[in-house]
Amino acid sequence: MTEHFSEAIHNLQVSWPDITSLEVSYRVVESFDPDFAVDIIEHPDLNAQASNQALALLLREMGASNIVAFVRIIDLPPDCNRSVRQLRSEDLGRMISVDAIAVKISGVRPRTYEGTFECIACSHRIMVSQPNEQELIEPVECFEIDGGCGRRKGQTRFVQRVEESILINSQFIELQEPPENLRGGVQPERILCIAEHDLAGKLNPGDRVTANGMLFVRSQRKAGKETPIFDIFLRIHSIERENIPLEEIQISEEEESEIKELARRGDIYDLFVRSIAPSIHGMNEVKESLVLQLFGGVAGRNKDGSRTRGDIHILLMGDPGVAKSQLLSYMASISPRGRFTSGMSASAAGLTAAAVQDPSADGRWTLEAGALALADLGLAAIDEFDKMSQNDRASMHEAMTLQRISISKAGINATLSTRCAILAAANPTSGRFQPVSEVPFTNQINLKQPLLSRFDIIWLLTDAPEKNLDTLIANHIIDNRMSAVPEILVEQGSRPDPTKTADEAGLTMYGKTSIISRSLIRKYVAYTKRNIHPTMREEARDRLANYYVQTRLKSGEQTDSVSITARAIDGLFRLSEAAAKIRLSSEVTEDDALRAIRINEHWRFALMGENFDETTLASGKKGNARNRERTIVEIVSRIHAETGEMVNLNDVFTEAGRLDINRNTAEDIIDRLVLYGTLFRPRHDYLQPG
Ligand code: ADP
Ligand code: MG
């Protein structure tokens, strides 16, 4: 066996101290010596010590006596695998492996591993090894056999000589079971772990790992006394990171061919749009953009070390009751690593991350990952985005653009990856959007421009009464209610759970249409994220470039404002790439580019009317349409103030004409202003400020 590892040991010698451990696969050990392999599982502590000593010996033989390194067993057999919630006292002392997310880390601190103590009476040195990180064990006696004076604890005092003790790095890590393995509504469980030596400082909050180690217990303490109740801890022996992205999602061969078959369908885009929140009527353009967001573009690394974001961020800005929250929670449920949270999130870590002093980690400072880090490579749906905390607001820019959060606080330095798409919802500050207002829509929500500009798409969803649409929505909601299965009956087991049965099949029926099941959507998306990285075709590229230039030109003629900024090109790129990924295509075609352009036009139109005006977003000032409304209101107010009487409509037209607003336009605007109560028409042909 030694020969088998001689090359690995040589490598270790060369790359030390960058690499300080020798990873040994359990499977290899098993193939050499099955009995020994079983022993490793059953007595991990003894074997860890023995193998570290053996490694030290080998290294010394190779002339590398200065190297301190550790043997770490990885690839444990499946019967060692436990979920956090399954950890029980039967597992104590054995080697187990846990698939989990690191949610919290403490600062890395040195702890005494071998304490050297001095006897005050005779200056003799006594070594005591320290297995417990919560309590320093002092010598009980200055042993005569070792050359000491023989005094016992009460007769002398022992003082630790830190400079002569052996200290090692140690860190507390809290692992949480991954949400994928949970049944709906159950809170994920956590376990506190101890990582030492080179394992300390290796993980960041949000990392997904398999942690191999040994469970041990400590009595809970109450008022300084030990109680018979124990807390379970995991001492980590080795850490494995995921090998493929989204490893938790397994795709069988049948499922893969099912995905490929779906991708060939001519109506695949429609099929996806229909499959998004089918209980919500209409909003097909919004849903189409959400489908593209689910897939996302291609993230890239550049020569200069910078990174291009592939994820598409979308903001749903709308009146209450337009199904924003419903859409968000649905999207979180179909995305791999989807997370649904609120800006007003109750958890201390909030959306980004928080450093707190943690009593369960001996009062050390710990860093806890927020929703974005936990949704890394997935989708974070954030409701009430406009109500997020100051702390989150401050790190959100970095989290959205660079897709990481760097934190340096109380001795903890960490960088958390937040490579997730963000789907946010916000309500207007005044409760409802004011349709005719001098304030543009984007200023009616409590989000500042720099943050808004991080979104690729901003949908404006207003709740204007419209008879036909209202009838449709009403029928839709009612049909939905009527087809639901009573929950009590499902829980009693007398009726099958419709959610579950729908999830098991690939395609299911929703009412009269067939849609893709949630679990297949999740697998479809994971499949493309792993395997499909399309490149842009020349024609597609030209389309996007042309569109950009044309839109810039068009706005240049009208006003001094610029209708679209360079940032939009990135957004268009991402949307086109996502469109190609849905077809599992290795190339982004002209059609994909056109789809991206169409979606772009839609949301801009919904938000700003014909004058897609990015300076509106940028400065909070409104271009043409809104300026004209304001001009008319000003004219009426001025004449009214001057004369103190009702204002003759013809005078308004004359004044407006001078400012290049023709009579027809002025009439339209006045009608609208009267309708919304901004102006008041006491008599025909007369106006008054409202
Ligand atoms: P918001 O978060 O925008 O305030 P919600 O997501 O809480 O709104 O939705 C309110 C209710 O209205 C939900 O029960 C939702 O199903 C219903 N609803 C609103 N619009 C639609 C629609 N277009 N189709 C079906 N249901 C809708
Ligand atoms: Mg809501």
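Check the entry above for the structure.
Residues numbered from 1 in each chain as written. Chains lettered and ligands numbered in written order. Predicted model: local features only at pLDDT ≥ 70, side-chain atom pairs only at ≥ 80, totals over all residues. Heavy atoms only, no water.

A. Spatial organisation of the sheet that holds strand E28 (residues 679-680). In spatial order, the strands read E27-E29-E28; together these three strands make up an open sheet with antiparallel pairing. The sheet is open, and its two edges are formed by strand E27 (647-648) and E28, each paired on a single side. Pairing between E28 and strand E29 (residues 686-689): two bridges, direction antiparallel. The residue bridging Phe-680 from the neighbouring strand is Gln-688, located in E29. (Pairing = 2+ DSSP bridges. Helix = DSSP H or I, 4+ residues; strand = E, 2+ residues; numbered from the N terminus.)

B. Highlighting the site of ligand 1. In the neighbourhood of ligand 1, 13 residues make up the surrounding shell, with His-281, Gly-321, Lys-324, Ser-325 and Gln-326 lying closest. Between His-281 and ligand 1, the recorded distance is 2.8 Å, taken from a backbone N or O atom to a nitrogen atom. At a separation of 3.1 Å, an oxygen atom of ligand 1 approaches a polar backbone atom of Val-322. Taken by itself ligand 1 offers 560 Å² of open surface, and the protein chains cover 73% of this. Sorting the residues of the shell around ligand 1 by element identifies helix H8 (324-334) and helix H12 (467-483) as the ones contributing at least two each. Here the element with the most residues in the shell around ligand 1 is H8; it accounts for three residues. For the shell around ligand 1, the per-class residue count stands at six nonpolar, five polar and two charged. (Near = heavy atom within 4 Å. Polar contact = N/O pair within 3.5 Å; in protein donor to acceptor, adjacent residues only side chain to side chain. Areas by Shrake-Rupley, 256 points an atom, 1.4 Å probe, with all protein chains shown as cover. Nonpolar A, V, L, I, M, F, W, Y, C, P; charged D, E, K, R; others polar.)

C. Structural view of the packing of helix H7 (residues 284-295) against H8. One can describe the packing of H7 onto H8 by two numbers: an axis separation of 11 Å at closest approach and a directional angle of 30°. With respect to their mutual orientation, H7 and H8 come out roughly parallel. Crossing of H7 against H8: the hand is right-handed. Seen from H7, the contacting residues are Val-286, Leu-290 and Leu-294; seen from H8, they are Leu-327, Met-331 and Ile-334. Broken down by class, the residue content of the contact of H7 with H8 amounts to six nonpolar, no polar and no charged. (Axes fitted to C-alpha atoms, helices over the stretch in contact; angles between N-to-C directions. Parallel < 35°, antiparallel > 145°, perpendicular 65-115°, else oblique. Left-handed = near helix turned anticlockwise from the far one by under 90°. Contact = heavy atoms within 4.5 Å.)

D. Structural view of the sheet that holds strand E18 (residues 379-383). Here we have five strands laid out as an open sheet, ordered E15-E18-E21-E14-E22, and parallel in their pairing. The open sheet has two free edges, formed respectively by strand E15 (338-342) and strand E22 (457-461), since each of these has just one partner strand. Adjacent strand axes in the sheet meet at a mean angle of 15° when their direction is disregarded. Sitting on the sheet, H7 is in contact with strand E14 (314-318), E18, strand E21 (421-426) and E22, with an inclination near 155° to E22. Sheet strands in contact with helix H18 (residues 590-608) are E14 and E22, and its direction is about 45° off that of E22.

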